[in-house]
Amino acid sequence: MDPNLFHIDWERTLEALVGIIILAFIVERVSALLFESRFFIRNTKLPTPGSKDAERERADIDVAMRIIEHKDTKALEKLVAELGPSHPLYPPYPKAPADSSDPSETAPKNPNLPLVKQAREFVEKTRTLNRRRQHLSKAPIKEIGAFLLAAAICILWDFDAVSIIILSRDTGILGELFTGALIAGGSKASIKLFRDILGVRSQAFRDMREKPKEDGE
């Protein structure tokens, strides 16, 4: 093609850019259903030191370690009294089967051993979870997810911003993938707007990342 014949249709170009911006907002908000959910955050991100989740996890581990290291039955009974309904080790002893009328089956004859075993399993699971968090926190999960979603939208609806801007006759898969990458990259600006400027964050994100305000602040 003669380069002297090349020109840009600014009206179409601006419409394509506006489409990219709008789709970036849509992709970011749809992705937030997964990436800001408590399940995803808890399994892929380490809590920020001082946040609600960090303090709660540290307290749970502390109680579990004290149960494991208990020296006598009275000390263990005191620790058991500290277990609230929100603690992973609650209830401290197995309940009686629903069809059982024998009170002796409510708890084992020596309840200390199963509780200590349960505490050890909890500590090991927490350590495994933290190792998995450390690995996954370094992986570009959100970026890949946003790109796949944006690329799927562009392919399904034949949105090829490159072909629109350079006035190509047909859309192409390569241009649609490139447009998907543009939309996924633009979703980071949407995240900045929603989280830092508008303050739109899920409660799970707040518990995992934000430190509780001190009295008087």
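Topic: the overall build of the protein chain
Item 1. Assigned secondary structure in the protein chain consists of nine helices and zero strands.
Item 2. Along the chain direction, N to C, the helices and strands of the protein chain fall in the order α-α-α-α-α-α-α-α-α.
Item 3. For the protein chain, the residues scored as buried account for 31% of the 217 residues in total.
Item 4. Long-range pairs, those at least 24 residues apart, make up 69% of the contacts in the protein chain between residues at least 6 apart in sequence.
Item 5. Here the protein chain displays about 14,500 Å² of accessible surface, and carbon together with sulfur accounts for 61% of that area.

Observations concerning the pattern of salt bridges
Item 1. With the rule as written, the count across this model stands at six salt bridges.
Item 2. As a salt-bridge pair, Arg29 and Glu28 come within 2.7 Å of each other at their nearest N and O atoms.
Item 3. On the basis of relative accessibility, which here comes to 29%, the residue Arg29 falls in the partly exposed class.
Item 4. Under the relative-accessibility criterion, Glu28 is labelled buried at 5%.
Item 5. For Glu124, the salt bridge goes to Arg131, with nearest N and O atoms at 3.7 Å.

Comments concerning a nonpolar patch on the surface
Item 1. A contiguous nonpolar patch, built from Phe6, Ile8, Trp10, Val162, Ile166, Phe178 and Leu182 and spanning about 660 Å² of accessible area, is present on the exposed surface.
Item 2. Along the chain, the position of Ile8 falls in the segment before helix 1 (10-35).

Looking at the nonpolar core
Item 1. Judged by nonpolar contacts, Ile20, Leu23, Ala24, Val27, Ala146, Ala150, Ile153, Cys154, Phe159, Ala161, Ile183 and Ala184 together constitute the single largest core of twelve residues.
Item 2. In this structure Ile183 touches Ile20, Leu23, Ala24, Val27, Ala150, Cys154 and Phe159, once residues within four positions along its chain are discounted.
Item 3. Counting residues in each nonpolar core, the second largest holds nine residues, with Ala64, Val116, Ala119 and Phe122 among its members.

Details of helix 6 (residues 141-156)
Item 1. When the terminal C-alpha atoms of helix 6 are compared, their 22 Å separation across 16 residues agrees well with the 22 Å that a helix rising 1.5 Å per residue should span.
Item 2. Inspection of helix 6 places Ala146, Ala150, Ala151, Ile153 and Cys154 among the buried residues, and these make up the whole buried set. Down the axis, helix 6 shows its buried residues gathered within 160° of arc, on one side only. Of the residues in helix 6, the exposed ones pointing more than 90 degrees away from the buried face are Leu148 and Leu156.

A short note on the environment of Ala64
Item 1. Structurally, Ala64 can be placed in helix 3 (residues 52-68).
Item 2. Judged by its relative accessible area of 0%, Ala64 is buried.
Item 3. Placed 24 residues apart in sequence, Ala64 and Pro88 show a C-alpha to C-alpha distance of 9.4 Å.
Item 4. The contacts of Ala64, once residues within four sequence positions are left out, are Leu89, Ala119, Phe122 and Val123.

Considering the packing of helix 1 against helix 6
Item 1. Running from N to C, helix 1 and helix 6 point in directions that differ by 130°, and their axes come no closer than 10 Å. Considered as vectors, helix 1 and helix 6 are oriented oblique to each other. When you trace helix 1 past helix 6, the crossing you get is right-handed. Where helix 1 abuts helix 6, its residues Leu23, Val27, Val30, Ser31 and Phe35 lie against Ile141, Lys142, Gly145, Ala146, Leu149, Ala150 and Ile153.

So, how was this worked out
Residues numbered from 1 in each chain as written. Predicted model: local features only at pLDDT ≥ 70, side-chain atom pairs only at ≥ 80, totals over all residues. Heavy atoms only, no water. Helix = DSSP H or I, 4+ residues; strand = E, 2+ residues; numbered from the N terminus. Buried < 20%, exposed > 50% of the residue type's maximum accessible area, 1.4 Å probe, protein only. Contact = heavy atoms within 4.5 Å. Areas by Shrake-Rupley, 256 points an atom, 1.4 Å probe, with all protein chains shown as cover. Salt bridge = Lys/Arg side-chain N within 4 Å of Asp/Glu carboxyl O. Patch = residues over 30% accessible without salt bridge, like charges linked within 9 Å, V, L, I, M, F, W, Y side chains within 5 Å. Core = buried A, V, L, I, M, F, W, Y, C linked by side-chain atoms within 4.5 Å. Expected span 1.5 Å × (residues − 1). Arc of directions from axis to C-beta. Axes fitted to C-alpha atoms, helices over the stretch in contact; angles between N-to-C directions. Parallel < 35°, antiparallel > 145°, perpendicular 65-115°, else oblique. Left-handed = near helix turned anticlockwise from the far one by under 90°.

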